[in-house]
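Residues per chain are reported as follows:
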Amino acid sequence: MMSQQRAPLRNRIFANQIAGLAAAIGEVGTLRYPADASLHHFFRAHREMGQQDRAFVAEGTFAYLRRKRSLEALAGSTDARKLALAVIVREFHASVRDVEALINVPEAAWLAEFKSRTHAALPPAVAADLPDWLWDRLGAAYGDADRAAFADAWQKPAPLDLRVNPAKLSRDDALAALRATNLDASPTPFSPLGIRVQGRPQMATHALFENGSLEVQDEGSQLIGYALAPRRGEMVADFCAGAGGKTLLLGALMRSSGRLYAFDVVDKRLANLKPRLARSGLSNVHPQLLTSERDARVKRLAGKIDRVLVDAPCTGFGTLRRNPDLKWRQTEQDLAELTAKQAAILQSAATLVKPGGRLVYATCSVLPEENDHVVDAFVAANPQFREGDVAAEFARAKIGLDTGARLRLTPQQHGCDGFFGAILERAP
């Protein structure tokens, strides 16, 4: 098995790729900015890189971010070149022989010694590539076995999930079209509109993406929309719309009828929604920039909205397969600030809900502090709201998934990003 992996590596690793990966690790590893933004900036500054070299550097950089703590501990260094070589032998399964012609004698000796070291002597949190505080909180919330399962799942790259736009074509037709272009595509196990594609194809230039038939959206994110279950002709608000992935799903579930507000406090996010909205063909979506969760627009709509989605800003730890830098960039102080913000946003968004209406509170976090604790406190302070049942809503939609009254998705159990969702219904 190992020899089968090494053969292509000897053909494709070049000195400029090692240098490029080291330079990218040096820039992205500062963690001053999100990894995807830093890597985008890096490639713009290195336009001479070819597509194959960019793919090598991108894959290596994210492999480093996933294994940052253990790689640095085993390497005994934060030197970017050493870490690049460590990624190549540990994560790309190269041998020292594969790269010895590209490195000097001291580097070859160091690399051979590095490769002989094992995780066995590392502290558990270091071996799991998590910060101590997150390791401890996961253990307190889930126990040792589930904590280890999270850590293991987060080391594997996420698959590419797509969502079909039902106004354009059916999932069966989309699957046939993708397979006709030699893509390995299959239905996602739970979302009725989801498709999972193997590998890393460039979907941005695919015809089905360009004409709005498909959107990139994790299956867990899709399921949040089904928990809200908007109906045709209703007034609906996506309170933290961001770039609009869930907004577009809600609009499709409403069959482009009624009125769907896409609220956000960051203009750039709503700007990113505009081209996606244009491709989708939806006519019921109305983006609105808010100054804060207490904006005058919110006050004018108080008690008038049938369904409200609160996809609250969070640590994003449910997405660590896609965004491994988050575990190094988020701190316990950030968590405390986020939970206070989540409570305030939920309380404000709840004022929109009409009697008999529904609110769904969701995050892409797996920490109870951002999920159950926020919902429990809200329900205790707002007796006019009672909790609904996500499993029952899924059963009505013929979705074969039951995680209880509250939605709890994990990558190790469900194959999608980690998500939490709770239905809150206002008394008539």
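Residues numbered from 1 in each chain as written. Predicted model: local features only at pLDDT ≥ 70, side-chain atom pairs only at ≥ 80, totals over all residues. Heavy atoms only, no water.

Give a description of the overall build of the protein chain that names residues and reports values.
Broken down by element type, the protein chain carries 22 helices and 12 strands. Taking 428 residues into account, the globule formula puts the C-alpha radius of gyration at 22 Å, and the protein chain, at 23 Å, falls close to it. Over its C-alpha atoms, taken along the principal directions, the protein chain stretches across nearly 75 × 50 × 40 Å. Considering the protein chain as a whole, with its 428 residues, one finds that 54% of them fall into the buried category. (Helix = DSSP H or I, 4+ residues; strand = E, 2+ residues; numbered from the N terminus. Rg over C-alpha atoms; globule rule 2.2 N^0.38 Å. Buried < 20%, exposed > 50% of the residue type's maximum accessible area, 1.4 Å probe, protein only.)

Describe in detail the nonpolar core, supporting the description with residues and values.
Ranked by internal contacts, the top residues of the largest apolar core, which has 41 residues, are Val87, Ile88, Leu111 and Phe114. Going through the elements one at a time, helix H2 (15-28), helix H3 (35-45), helix H4 (51-66), helix H5 (68-75), helix H6 (80-90), helix H7 (96-99) and helix H8 (105-116) are the ones with two or more residues in this core. If we ignore the near neighbours within four places in the chain, the residues touching Phe114 are Leu71, Leu74, Ala75, Ala86, Val89 and Arg90. If you look at the next biggest cluster of nonpolar residues, it comprises 34 residues, including Leu193, Ala262, Leu273 and Cys416. (Core = buried A, V, L, I, M, F, W, Y, C linked by side-chain atoms within 4.5 Å. Contact = heavy atoms within 4.5 Å.)

Please give an account of the environment of Ala227 that cites residues and values.
One can find Ala227 in helix H14 (residues 219-228). Sequence separation of Ala227 and Ala391 is 164 residues, and the distance between their C-alpha atoms is 8.6 Å. Those residues in contact with Ala227, other than ones at most four positions away along the chain, are Arg358, Val360, Val390, Glu393, Phe394 and Ile423.

Summarise the pairing of strand E8 (residues 305-311); cite the residues concerned and give the values.
Of all 7 residues making up E8, 7 are buried, and the element is well covered by its neighbours. Looking at chain direction, strand E5 (residues 235-238) and E8 are connected through 3 bridges and run parallel. Its bridge partner lying in E8, Ala237 is registered against Val308. Of the strand pairs in this sheet, E8 and strand E9 (residues 353-363) are connected by 6 bridges, and their pairing is parallel. Along E9, the bridge assignment pairs Val310 with Tyr361. (Pairing = 2+ DSSP bridges.)

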